[in-house]
Amino acid sequence: MFEGRPDRDAEVVLVGRSNVGKSTLMRELTGHAVETGGKPGVTRQPNHYDWVAEDFVLTDLPGFGFMSGVDEAVREQIKTDVVRYVEDHADELLVAVLVVDGKSVIDIIDRHSGPDSIPYDVELFHFLRELDVPTVVAVNKMDKVDDRDERLDDLCDRFGLPTPWQQWQDTVAPITAKQGRIEPLTDAVRTHLHDQKRDDLFKFF
Ligand SMILES: Nc1nc2c(ncn2[C@@H]2O[C@H](COP(=O)(O)OP(=O)(O)OP(=O)(O)O)[C@@H](O)[C@H]2O)c(=O)[nH]1
Ligand SMILES: [Mg+2]
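Residues numbered from 1 in each chain as written. Chains lettered and ligands numbered in written order. Predicted model: local features only at pLDDT ≥ 70, side-chain atom pairs only at ≥ 80, totals over all residues.

Q: Residues and numbers for the overall build of the protein chain, please.
A: Helices and strands together make up the secondary structure of the protein chain, namely six helices and six strands. Taking 2.2 N^0.38 as the reference for a compact globule, 205 residues should give roughly 17 Å; the C-alpha atoms of the protein chain span a radius of gyration of 16 Å, in line with that estimate. If one aligns the C-alpha atoms of the protein chain with their principal axes, the spans along those axes are about 45 × 40 × 35 Å. The buried share of the protein chain, reckoned over its 205 residues, is 39%. Contacts in the protein chain between residues far apart in sequence, at least 24 positions, make up 64% of those at least 6 positions apart. (Helix = DSSP H or I, 4+ residues; strand = E, 2+ residues; numbered from the N terminus. Rg over C-alpha atoms; globule rule 2.2 N^0.38 Å. Buried ≥ 20, exposed ≤ 12 C-beta atoms within 10 Å, placed from the backbone. Contact = placed C-beta atoms within 7 Å.)

Rendered as structure tokens:
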């Protein structure tokens, strides 16, 4: 189980596979030094950012999927803990940001799709929506993607969203966190905060 969550009634959470850039995005959003790395599995426990005067916490969850030097049982446990975390805190979650790597996400989804299997990213997306947590897919590392529109349409297709992707600006946000180009994401998050009458939290996005 993940421990040490600050006692706050409002939360935005970053979830996704290992090495997609969650911590890099966190650093962009908070301006705080967060450990990031070339190897997957850098973040093993949630990074919580909270503010003394605010009833709000921003959380960077550990990544799931392949991690170098981490055995299968631990990986499965992290996946279970991530699912349990969003389930336990669904009422407090104003927005979930599902971070994916724009360069590899389609290949990974297709590799894990089968008659009896749903890829984690897709499963998590549907799970969050079932829990009524507004969810934004942050498609990161767009600096490495050449066929931008095609890639984003493919992504919509895999997540069960009708194309073209441009009609999903509140749900699909292409970003390059490493270069600080995250405006499509902050716009989308703000839309969801506004819908929940939480414009007071715009200062964090
Ligand atoms: N090209 C490119 N690389 C990026 C971008 N964002 C992050 N990275 C790189 O991707 C690697 C992983 O970044 P992290 O932020 O540590 O990823 P993470 O999702 O927190 O990984 P875990 O903690 O293992 O779950 C690092 O080498 C980053 O520099 C981006 O927008 N473009
Ligand atoms: Mg991390």
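Q: Describe the packing of helix α3 (residues 105–112) against helix α5 (residues 148–158), and please don't skip the residues or the numbers.
A: Where α3 contacts α5, the axes come no closer than 10 Å and their chain directions differ by 30 degrees. Classified by the angle between their axes, α3 and α5 sit roughly parallel to one another. When the axes of α3 and α5 are compared, the crossing they make is left-handed. Contact residues: α3 offers V105, I106 and I109, while α5 offers R151, D154, L155 and R158. Broken down by class, the residue content of the contact of α3 with α5 amounts to four nonpolar, no polar and three charged. (Axes fitted to C-alpha atoms, helices over the stretch in contact; angles between N-to-C directions. Parallel < 35°, antiparallel > 145°, perpendicular 65-115°, else oblique. Left-handed = near helix turned anticlockwise from the far one by under 90°. Nonpolar A, V, L, I, M, F, W, Y, C, P; charged D, E, K, R; others polar.)

Q: Could you give an account of the environment of V15, naming the residues involved and the relevant values?
A: Here V15 is to be found in strand β1 (residues 11–16). Taking C-alpha positions, V15 is 15 Å from A177, a pair spaced 162 residues apart along the chain. Discounting residues that sit within four places of it in the chain, V15 has contacts with L61, V82, V86, A96, L98 and L124.

Q: Describe helix α1 (residues 22–30), with residues and values.
A: Within α1, eight of the nine residues are buried, which leaves it mostly tucked inside the rest of the structure. K22, S23, T24, L25, M26, R27, E28 and L29 are the residues of α1 that are buried. Of the surrounding elements, those touching the buried residues of α1 are β1, β2 (47–50), β3 (57–60), β4 (93–101) and β5 (135–140). The positive-phi residue at the C-terminal boundary of α1 is G31, with phi of around 75 degrees.

Q: Residues and numbers for the confidence of the model for the protein chain, please.
A: Per-chain confidence: the protein chain averages 91 in pLDDT, with 93% of residues scoring 70 or above. Two numbers describe this predicted complex: its pTM, 0.93, and its ipTM, 0.98. (pLDDT = per-residue confidence, 0-100.)

Q: Describe the pairing of β3, with residues and values.
A: Burial along β3 is two-sided: V57 and T59 and L58 and D60, pointing in opposite directions, are all buried. Relative to β3, β1 runs parallel, the two sharing four bridges. Each residue of the ladder has a partner; that of V12, found in β3, is L58. As defined by bridge partners, β2 adjoins β3 across four bridges and the pair is classed as antiparallel. Its bridge partner being in β3, N47 is matched across the sheet by D60. Counted between consecutive antiparallel strands, the loop separating β2 from β3 contains six residues. (Pairing = 2+ DSSP bridges.)

Q: Before we move on, could you go through unusual backbone geometry and cite the residues and values that matter?
A: Excluding glycine, most residues fall at negative phi; most peptide bonds, likewise, are trans. With an omega dihedral of 0 degrees, the bond running from T163 to P164 counts as a cis peptide bond. Its place among the elements puts P164 in the loop between α5 and β6 (172–174). Positioned with a positive phi, D132 is a non-glycine residue whose angle comes to about 65 degrees. Note that D132 resides in the loop between α4 (120–130) and β5. In this structure, K141 is a non-glycine residue whose phi angle is positive, near 60 degrees. Inspection of the secondary structure puts K141 in the loop between β5 and α5. Accessibility expressed as a C-beta count within 10 Å gives 22 for K141, which makes it buried.

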